Amino acid sequence: MSHLAGETRDPVELYSRLAPSYDLLHRRWLKYAGGEAQAALEAAVRVAYRPGAALLDVGCGTGVFARTLLSEGVAAEDLTLLDPSAAMLNRCADLPCPKVPGRLEALPFPSARFEIVTCAWALETSADAALALQELCRVLRPGGALCLAFCADKPARGPVDWMMRQALLRRGTGRFLCVSRVVDLVAAAGAAEIRVIPLAGPVAALVARGASAATRLGCRSDQARPAAA
Ligand SMILES: C[S@@+](CC[C@H](N)C(=O)[O-])C[C@H]1O[C@@H](n2cnc3c(N)ncnc32)[C@H](O)[C@@H]1O
């Protein structure tokens with residue numbers, strides 16, 4: 001796709017193989033590139049969450065983000081974890097939250113199911129960012145919070161950014177998304193109040209509000225999908 005830099009092999013297979021060592025790689029990513037975006041994402045969820053609010057973490061990986069949320073007081077029964085990789089979901093086995101196998105492009109939930117939908121560093125693994133964003137917005141309640149962090153196609157600040165970018169592209173575990181294109185796709189999916197949090201480096205954090213059902217009409221596939229257990 002023209003708005004994406006870099007090619008990805010099958011990311012689910014790659015992530016499944018990386019599952020045992022993922023946390024080390026992720027810590028390195030956060031230290032040298034993604035830390036600010038991750039902090040912004042966590043702050044956005046902290047502001048949006050109220051006890052009882054249903055929260056979905058899409059592409060949860062080993063549950064790093066989920067562990068932070070749970071340690072900060074998010075109730076386990078409010079948090080649903082989704083990932084297509086069984087190896088990744090296995091790494092979340094100790095977390096007392098519902099765990100659902102599934103993909104960004106076909107979320108196995110009815111429309112408007114969640115008050116908060118988060119996706120940290122997984123949007124860029126999708127071969128169809130437009131469909132993925134439509135799905136993230138579809139399962140979000142009107143007025144709910146969409147909170148994203150992703151690798152962004154921005155100029156490198158220096159050699160460290162460049163090396164982090166090359167490492168990710170070489171592993172084939174993601175791409176670098178054009179931020180304005182992501183904003184356009186989120187708007188096209190019907191979300192409102194879209195804000196990109198200003199950050200340096202090859203990353204972006206974005207928050208938006210879920211659209212009303214009326215606004216979503218005209219956006220793709222608003223039919224309810226089978227509910228996950
Ligand atoms: C870089 S990891 C991010 C994990 C976690 N969110 C974190 O912050 O550590 C990307 C995750 O996205 C998952 N993934 C890959 N393709 C996906 C897709 N099409 N839909 C949803 N998740 C996907 C991978 O299995 C992996 O767990």
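Residues numbered from 1 in each chain as written. Predicted model: local features only at pLDDT ≥ 70, side-chain atom pairs only at ≥ 80, totals over all residues. Heavy atoms only, no water.

Caption draft 1: Representation of the site of the ligand in the model. Near the ligand, the surroundings consist of 18 residues, among which Tyr22, Gly59, Asp83, Leu104 and Ala120 are the closest. Separating an oxygen atom of the ligand from a side-chain N or O atom of Asp83 is a distance of 2.6 Å. Leu104 has a polar backbone atom sitting 2.9 Å from a nitrogen atom of the ligand. Bound to the protein, the ligand loses 98% of the 590 Å² it would expose on its own. Among the secondary structure elements, those contributing two or more residues to the shell around the ligand are α1 (11–18) and α2 (22–48). Of the residues that constitute the shell around the ligand, the class distribution is ten nonpolar, five polar and three charged. (Near = heavy atom within 4 Å. Polar contact = N/O pair within 3.5 Å; in protein donor to acceptor, adjacent residues only side chain to side chain. Areas by Shrake-Rupley, 256 points an atom, 1.4 Å probe, with all protein chains shown as cover. Helix = DSSP H or I, 4+ residues; strand = E, 2+ residues; numbered from the N terminus. Nonpolar A, V, L, I, M, F, W, Y, C, P; charged D, E, K, R; others polar.)

Caption draft 2: View of the pattern of salt bridges. Inspection of the entire model under this criterion finds nine salt bridges. Note that Glu13 is salt-bridged to Arg17, the shortest N-O span being 3.5 Å. Residue Glu13 and its partner Arg17 are both found in helix α1; the two are separated by four residues, about one turn of the helix. Classification of Glu13 as partly exposed rests on a relative accessible area of 45%. Asp153 serves as the salt-bridge partner of Arg165, at 3.1 Å between the closest nitrogen and oxygen. (Salt bridge = Lys/Arg side-chain N within 4 Å of Asp/Glu carboxyl O. Buried < 20%, exposed > 50% of the residue type's maximum accessible area, 1.4 Å probe, protein only.)

Caption draft 3: Looking closely at the nonpolar core. Core analysis: the largest hydrophobic core is formed by 35 residues, its most contacted members being Trp29, Leu55, Leu79, Leu81 and Trp121. If you list the elements that add at least two residues to this core, you get α2, α3 (64–71), β3 (79–83), β5 (114–120), β6 (140–151), α6 (159–171) and β9 (203–209). The leading source of residues in this core is α2, at seven residues. Once residues within four sequence positions are removed from consideration, Trp121 is found in contact with His26, Trp29, Leu30, Gly34, Ala37, Gln38, Ala149, Phe150, Cys151 and Val203. (Core = buried A, V, L, I, M, F, W, Y, C linked by side-chain atoms within 4.5 Å. Contact = heavy atoms within 4.5 Å.)

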